[in-house]
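Commentary on secondary and tertiary structure
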There are 4 protein chains.
Amino acid sequence: MIISRIEDYREAARRRLPRFLFDYIDGGAGAEQTLAANIADLAQVRLKQRVLAHVENLSLETEWFGRRVSLPVVLGPVGLTGMFWRRGEAAVARAAAAAGVPYAPSTVSVCAIEEIAAQSAAPLWFQLYVLKDRGFMRSVLERAQEVGVTTLVFTVDLPVIGTRWRDAHSGLAGPFKTERQLFQALGKPAWAWDVGVCGRPHDLGNISHYLGRRTGLEDYLGWINANMDPSIGWSDLEWLRNFWKGPLIIKGVLTPEDARDAARLGAEAIVVSNHGGRQLDGAASTARALPKIRDAIGDDLLIFADSGVRSGVDVLRMLALGAKGVFLGRAQVFALAARGEQGVREMLEMIAQEMRVAMTLTGVSSVEEIDASILDDFQPTS
Amino acid sequence: MIISRIEDYREAARRRLPRFLFDYIDGGAGAEQTLAANIADLAQVRLKQRVLAHVENLSLETEWFGRRVSLPVVLGPVGLTGMFWRRGEAAVARAAAAAGVPYAPSTVSVCAIEEIAAQSAAPLWFQLYVLKDRGFMRSVLERAQEVGVTTLVFTVDLPVIGTRWRDAHSGLAGPFKTERQLFQALGKPAWAWDVGVCGRPHDLGNISHYLGRRTGLEDYLGWINANMDPSIGWSDLEWLRNFWKGPLIIKGVLTPEDARDAARLGAEAIVVSNHGGRQLDGAASTARALPKIRDAIGDDLLIFADSGVRSGVDVLRMLALGAKGVFLGRAQVFALAARGEQGVREMLEMIAQEMRVAMTLTGVSSVEEIDASILDDFQPTS
Amino acid sequence: MIISRIEDYREAARRRLPRFLFDYIDGGAGAEQTLAANIADLAQVRLKQRVLAHVENLSLETEWFGRRVSLPVVLGPVGLTGMFWRRGEAAVARAAAAAGVPYAPSTVSVCAIEEIAAQSAAPLWFQLYVLKDRGFMRSVLERAQEVGVTTLVFTVDLPVIGTRWRDAHSGLAGPFKTERQLFQALGKPAWAWDVGVCGRPHDLGNISHYLGRRTGLEDYLGWINANMDPSIGWSDLEWLRNFWKGPLIIKGVLTPEDARDAARLGAEAIVVSNHGGRQLDGAASTARALPKIRDAIGDDLLIFADSGVRSGVDVLRMLALGAKGVFLGRAQVFALAARGEQGVREMLEMIAQEMRVAMTLTGVSSVEEIDASILDDFQPTS
Amino acid sequence: MIISRIEDYREAARRRLPRFLFDYIDGGAGAEQTLAANIADLAQVRLKQRVLAHVENLSLETEWFGRRVSLPVVLGPVGLTGMFWRRGEAAVARAAAAAGVPYAPSTVSVCAIEEIAAQSAAPLWFQLYVLKDRGFMRSVLERAQEVGVTTLVFTVDLPVIGTRWRDAHSGLAGPFKTERQLFQALGKPAWAWDVGVCGRPHDLGNISHYLGRRTGLEDYLGWINANMDPSIGWSDLEWLRNFWKGPLIIKGVLTPEDARDAARLGAEAIVVSNHGGRQLDGAASTARALPKIRDAIGDDLLIFADSGVRSGVDVLRMLALGAKGVFLGRAQVFALAARGEQGVREMLEMIAQEMRVAMTLTGVSSVEEIDASILDDFQPTS
Ligand SMILES: Cc1cc2nc3c(=O)[nH]c(=O)nc-3n(C[C@H](O)[C@H](O)[C@H](O)COP(=O)(O)O)c2cc1C
Ligand SMILES: Cc1cc2nc3c(=O)[nH]c(=O)nc-3n(C[C@H](O)[C@H](O)[C@H](O)COP(=O)(O)O)c2cc1C
Ligand SMILES: Cc1cc2nc3c(=O)[nH]c(=O)nc-3n(C[C@H](O)[C@H](O)[C@H](O)COP(=O)(O)O)c2cc1C
Ligand SMILES: Cc1cc2nc3c(=O)[nH]c(=O)nc-3n(C[C@H](O)[C@H](O)[C@H](O)COP(=O)(O)O)c2cc1C
């Protein structure tokens, strides 16, 4: 397959993965209106071209929490990454280190945080969900600290799992799911061998470790649903803020009110995110939500954003709308599913190269210069 | 068939029903612009996600006219329901009672109101049209009272039948309709046996009862057309208001002016409805009409809404736009046609579950809390 | 074929006519943007439903120039109508008389005005183009008066023929057109017999009569192009106004400025029209142009409108936007091509019936009552 | 193939060219949003039809830099034109001279400027890129002056090549490109013979001449990338302004700021252009950018525009939005690829004819009269 854009990785992943896994990645909540709006609204963000702008020594580097990164991009948390490529999280960690960008593996990774950290010289981030079992939360955070995790991404937009209509259709959930998944896997021998056979064990590494027994993948959605805690409020997080001394990023903020609460808690940063359109269908696209939050919060928090980013131009758009960095979800795992570690590295280079071109054409030579001044009038339509 | 959303019931119904019946349910008036706008405008209603909102003891219950319901949903009136499943109205009544929501069978039901009431311990509602024959109106209302109907839904948006272009194409109307319907039925043996053979008699139960003779289904559209009365005005309804002591709901209101007239008449409630896009093509979607009516009428009337609701998120949207409850038309009968009483129960549980997720994500734990504060800026586009 | 809407006549015409004729009717100028906007903008005109509005004695009659018509509709001028059905203009004239609406045959009709008038007891209108040859203009007007034409429709939006990209593709124009047309006709035997054989002679009746020799159809577009006169201004029409004593309607007005000039000339009426999207591609839809003209011109002129009307609801929309009557172009000739005189009568009855339903649902019982008060907020999008 | 619009030339070119060349012409940068917006926004520019406007002696002539042209159109610079038709630039030069419009061949033409000039009696324009090698710039400008070039088009929107996702897919770039191009050429024998065999040599004429050796086409994109200079600013161009005494046109301006800088530099004119959507994806369409620049710059500069023009009506739209002339990119080379010099001449006549019709219908008889007064309210939607 010829690959020259992120959409090509998606197509390659579609060919390589059993349907239940591809649709798990690709799909969103409900009628997928927010999923579609993420893409459509971002496409409406018009950039202002400048000519003869004397762009010299263009650099994509930036600094977050006192550390330099080579690209204003984070490889964001994606559950079950180890199912898309043999020991997927380890592969992503290597790619991230090679490219000089942070990786924030998910709580519900296949590889345990220890396995991931072992693959990467670079400092690691780690994503944690709001869970009922505080014992697990403390224990996994201690383990994370032990293996050198610097930064905690705390995801707050999953008090329950979003309604995902595709799951039953694809065979991820519903009757005969085991049989259907097996049958689909038979049709994808390359994946079946690489992941199904060589990529074992297939459990939720972090959780198995804590429980002291294998957590079958079958229980994935069940486990999440059983352990999410909708009754938690901001004040219940004070212990976490006290416990975690490193930078704390609150992921899943869509309103100025919630952003202000994150600042009040003492977080260093937020991710403006609708979880890639996987949680509340009908929620605003992040292209819409971001500028309002930016305006309300000023420089009180470092702002990241994600959801819908599919090119280097999209990264630029998010930065122009007010973010200081961008998380990549599907772009990351489509590239991984298509070509493994190599795919993620190439994908990052693709993003970098597209950014260089777009920055040159908008007349900026550093990430710090990117702001609303490179926007043409923005009018989202979806 | 895998069913994980209301659209799936539609597809299942399409497979099971003869085309003339499927299209009768699915279609709308004229070029179906209002039908499409109902869906499109509702999809544009953006919800505001809130995180860490401390959602505990989430409940879907609410109270109307002094009675509690377990879900802010009414199974609305749909003519000929008994043609979509064997003794369809009776089946819906059982599902409604089991789920704890009201059912308002249509004047032009296949089962007579007595047959429907016999199936359900729960209190029943009943829908009445504006008819030329006041004798019939009084008589059917007396019968309704006798079998325990508590609440009257009085439908006012059908002074004539809307122009439905599909009817002639599908075989519901037009030349050779009997032959075409028979032929179509032959292609759907499951339906033919269940409804065509075992579901008899196929007449308009309430009307046959009154006339003292069988009213063939052939005469359905003809009967309606002959008995609708466009010359009636609000003042002609005073007798009805005096006659009916229970709650009176005026169904089919799309303007603040008409809503105010309903209040003046002494009605307790209205349904903001364009009859599912089946009457005036070119009329506003209810997502557009509802907020204006809400603003004009305040709390003078209990406001229900329908037309275009296809998910639990859509129910939430209608409540956020100003309704206190939502009627389900097609969602109900697609589920019924697909899987009978069981289908309607599952469909209601699906709606309930989707509502729970969406309420958690918008940070509300009771129906009473849902209002415009959970809306992001709303800009209908169709 | 089942026919329950005007779009069905279009499909039936497509099946019956050789492609060069179907595309001649169906197509528009350039990229057909105005053609599409006519339909799309009209679909955006939302009507206000009213209930219990006491609609009694609904009537579609209205009065223009002191004469009553049974429907606020004119069968507008369509060149070459006699090519779509055997002696087409005569057939339309009979249908118009039967339905009680005016017919305004085109200058470039197949049947001469004498043949048309002979078919119709009812008073006839007549359409005239701005032509180089004033002798022809005078002579044809005298003939029109002689056969009892009451009203002159003077079309001013054709100083040149619009750029019609389809013509070369369909075979109406371009190399080998004769051969291609013949070949296409062979594929449509019903048409070939009815029109090709029995419908002769195929010339431009009015022009042959004047020239005293047959004008071959081959020369149709050529003749028009050669005889149109772009150099004419309003002042050059004074002779016409003096010459023609009956009502004069200026057809093809799209701006308030031109409407005011028509009033200044002494015309009684205008047709707000973009010639069905066949002249200036990029011109506004009439749904857009009409309200501005209505506001500017008040009651100084009787306002007609056309372009894009495909249903009784569309007629209502045009009246609500400010017209007192609507011309039908394609609706008329698609019905004619599909089913001859009978088709035109059925089509008019379809329009009438759709109007009755829509008027009842908007709460008006006479054409005079229809105005902007039955509009919901109108926001054209194309 | 029947050709009656520019889109038809595109289809004809698609059939005749190997895919890598067709996609090279047809494609744009990134997700091709700007490419699509060019067309969509232009289609939204509504023209005001005027009737009886007394249009006499209509003329398409205009004057730029003291010279009359017969049509307000320039055949713009398109790299590699000689690959689309045998000695393509020479063919275009002949067509331009015959039609009386300027031609501005590209720096990266196949034919050297000397070969092009030899074909054309008419005065020639010449396009130059901002290049690292000032020696080359001076040398090529001297050569241009020698062969009689009157006007310099200096393109500033290519400090780097835009990200063109199609190139790898089409085979223009990427692995096995040589093999793939060869294979594609085999499938297009007419092209292979005409261009592949008889159209040699296939190098970049101007550059080979300077380097004193053949520059293989393989190096085309590489050469451009290596020689573009993003570090140049406006002040670095003063030597150029001093060096070039004739009219200087800055091509690739999209903002009022850059237009003002061009004026400050002492340029006579600008081309408002986004390079046909080939550079910054996400940049505004020119239909959007043009009026703002027109308003800011007044008559200080002569304004040209391009990007998205596909008809004579589009030319009129650009003039109405504020341009005094229009460059044609794809329209030119699709016509060339389809039918050579003859195609370009026919295409220009098509544009001229469409302009005549549209001018007549908007009531203007000279290019100078065309301005915002022929616009209906303009509201771009993309
Ligand atoms: C398959 C999948 C699994 C995900 N799992 C997690 C997760 O475990 N934790 C988390 O915080 N976010 C998770 N996300 C959300 C991503 O971190 C990110 O917010 C989202 O994918 C951004 O949208 P994009 O995919 O359009 O870039 C997941 C997303 C996908 C697509
Ligand atoms: C097949 C069908 C028959 C209907 N019959 C009736 C009826 O007899 N009485 C009535 O008040 N409404 C009737 N309605 C309207 C519904 O009560 C309801 O207003 C509408 O279906 C809501 O739109 P929805 O289908 O998009 O939910 C009918 C609707 C459908 C689809
Ligand atoms: C095939 C065709 C021929 C036409 N010929 C004439 C004509 O000869 N004279 C005239 O005034 N208008 C003519 N028109 C324009 C119509 O009178 C009318 O303005 C237009 O069709 C209205 O748009 P509609 O077709 O969408 O209703 C013609 C229209 C069509 C479609
Ligand atoms: C295949 C191709 C090659 C081009 N090469 C050049 C070039 O060498 N120099 C230049 O200034 N512009 C170049 N352009 C841009 C055109 O001059 C022009 O700005 C653009 O094509 C206008 O958009 P349009 O194609 O929609 O008319 C090129 C355009 C195309 C399509």
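It should be emphasised that the depicted structure is a prediction, and the values quoted were computed from it without experimental measurement. Starting from 1, residues in each chain are numbered consecutively following that chain's sequence as written. Each chain gets a letter, beginning with A, and each ligand a number, beginning with 1, in the order they are written. Only residues with pLDDT of at least 70 get local features here, since the model is predicted, and only at 80 or more are side-chain atom pairs given and counted; chain-wide, interface and lining totals rely on the full set of residues. With hydrogens and water stripped out, all remaining heavy atoms of the structure feed into the side-chain values.

A separate point is the site of ligand 3. Residue and element names in this part refer to chain C. Proximity is defined per residue: any heavy atom of the residue falling within 4 Å of a molecule or strand makes that residue near it. Close to ligand 3 lie 21 residues, the nearest being Pro77, Ser106, Thr155, Asp306 and Gly308. Nitrogen and oxygen atoms within 3.5 Å of one another constitute a polar contact, given that in protein one can donate a hydrogen and the other can accept it, and given that sequence-neighbouring residues count only through two side-chain atoms. Lysine 251 places a polar side-chain atom, nitrogen or oxygen, 2.9 Å from a nitrogen atom of ligand 3. Expressed as a share of its isolated accessible area of 600 Å², the protein-covered part of ligand 3 is 98%. Across the shell around ligand 3, the residue classes tally to 6 nonpolar, 10 polar and 5 charged. All accessible areas in this document rest on Shrake-Rupley with a 1.4 Å probe, and a residue is counted as covered only by the protein chains that are shown. All amino acids are sorted into three groups, where Ala, Val, Leu, Ile, Met, Phe, Trp, Tyr, Cys and Pro are nonpolar, Asp, Glu, Lys and Arg are charged, and the leftover types, Gly among them, are polar.

With respect to the element layout, threonine 81 of chain C can be found in the loop between β3 (73-75) and α4 (88-99). One polar contact links the side chain of threonine 81 of chain C to the main-chain carbonyl oxygen of valine 78 of chain C, over a distance of 2.5 Å. Where helices and strands are cited, they refer to DSSP runs of H or I of at least four residues and of E of at least two residues respectively, numbered from the N terminus.

Attention now moves to the relation of the copies chain A and chain B. Least-squares superposition aligns the copies on the C-alpha atoms of those residues with pLDDT at or above 70 in both. For the match of chain A to chain B, the screw axis carries a shift of 0.1 Å, the RMSD comes to 0.0 Å, and the turn is 90°. Read as a symmetry element, the transformation amounts to a four-fold axis. Interface overlap between copies: only 3% of the residues of chain A at the interface are likewise at the interface in chain B, consistent with a contact formed by different surfaces. Should any heavy atoms of two residues lie within 4.5 Å, those residues are considered in contact.

We now examine the UniProt feature "binding site: glyoxylate" (unreviewed entry) in chain A. Residue and element names in this part refer to chain A. Within this structure's numbering, the places UniProt gives as "binding site: glyoxylate" (unreviewed entry) are Tyr24, Tyr129, Arg164, His275 and Arg278. Along the chain, the position of tyrosine 129 falls in strand β4 (residues 124-129). Excluding anything up to four places from it in sequence, tyrosine 129 contacts Thr107, Val108, Met137, Phe154, Thr155, Leu158, Met228 and His275. Structurally, histidine 275 is set in the loop between β7 (269-272) and α14 (286-297). Of the residues examined, histidine 275 reaches a relative accessible area of 12% and is grouped as buried. If we ignore the near neighbours within four places in the chain, the residues touching histidine 275 are Tyr129, Thr155, Asp157, Leu158, Lys251 and Ser307. A polar contact is formed between the side chain of histidine 275 and the side chain of aspartate 157, at a distance of 2.8 Å. UniProt positions are given in the numbering used here, feature names are shortened, and annotations may be inferred rather than shown by experiment. Buried means the residue's accessible area, taken with a 1.4 Å probe over protein chains only, is under 20% of the maximum for its type, while exposed means over 50%, and partly exposed covers the values in between.

Our focus in this paragraph is helix α14 (residues 286-297) of chain B. Residues and elements named next belong to chain B. Expected span, for any helix, means 1.5 Å times one less than how many residues it has. The terminal C-alpha atoms of α14 lie 15 Å apart, and with 12 residues this matches the ideal 16 Å at 1.5 Å per residue to within 8%. When we look at burial in α14, the residues that qualify are Thr286, Ala287, Arg288, Ala289, Leu290, Ile293 and Ile297. Close packing links the buried residues of α14 with α3 (33-43), β6 (248-253), α13 (256-265), β7 (269-272), β8 (302-305) and α15 (312-321). Of the residues trailing α14, glycine 298 is marked for its positive phi of about 55°.

Another aspect to go through is the environment of arginine 317 of chain A. Following the sequence through the fold, arginine 317 of chain A ends up in helix α15 (residues 312-321). Note on arginine 317 of chain A: relative accessible area 1%, which makes it buried. Residues arginine 317 of chain A and alanine 335 of chain A, spaced 18 residues apart in sequence, show a C-alpha to C-alpha distance of 21 Å. Not counting the four nearest positions on each side in its chain, arginine 317 of chain A is found in contact with Leu42, Ala43, Val45 and Leu47 of chain A together with Gln33, Asp281 and Gly282 of chain D. Within the structure, the side chain of arginine 317 of chain A is placed 3.5 Å from the backbone oxygen of alanine 43 of chain A, a separation counted as a polar contact.

For chain A, per-residue confidence averages 95 on the pLDDT scale, and residues scoring 70 or more make up 99% of the total. Here the predicted complex scores 0.97 on pTM and 0.96 on ipTM. Per-residue confidence from the predictor is given as pLDDT, running between 0 and 100.

Turning our eyes to something else, we now look at the site of ligand 4. Residue and element names in this part refer to chain D. Close to ligand 4 lie 21 residues; Pro77, Ser106, Tyr129, Thr155 and Asp306 are nearest. A distance of 2.7 Å separates an oxygen atom of ligand 4 from a polar backbone atom of proline 77. Contact distances for ligand 4 include 3.2 Å between a nitrogen atom and a side-chain N or O atom of glutamine 127. The fraction of the free accessible surface of ligand 4 (600 Å²) that becomes covered by protein chains is 99%. Among the elements of the structure, α2 (19-26) and β4 (124-129) are those that each provide at least two residues to the shell around ligand 4. Classifying every residue of the shell around ligand 4 by side-chain character gives 6 nonpolar, 10 polar and 5 charged.

We now examine the sheet that holds strand β6 (residues 248-253) of chain C. Residue and element names in this part refer to chain C. A strand pair is defined by DSSP finding two or more bridges across the two strands. Strands sit in the order β3-β9-β8-β7-β6-β5-β4 across an open sheet of 7 strands; the sheet is parallel. The outermost strands of the open sheet, each flanked by one partner alone, are β3 and β4 (124-129). Each strand axis lies, on average, 25° off the axis of its neighbour in the sheet, ignoring direction. Pairing between β3 and strand β9 (residues 325-328): 3 bridges, direction parallel. Counterpart to valine 74 in the pairing with β9 is phenylalanine 327. Angles shown run from 0 to 180 degrees and are taken between the N-to-C directions of axes, each axis being a line fitted to C-alpha atoms and, for helices, limited to the stretch in contact.

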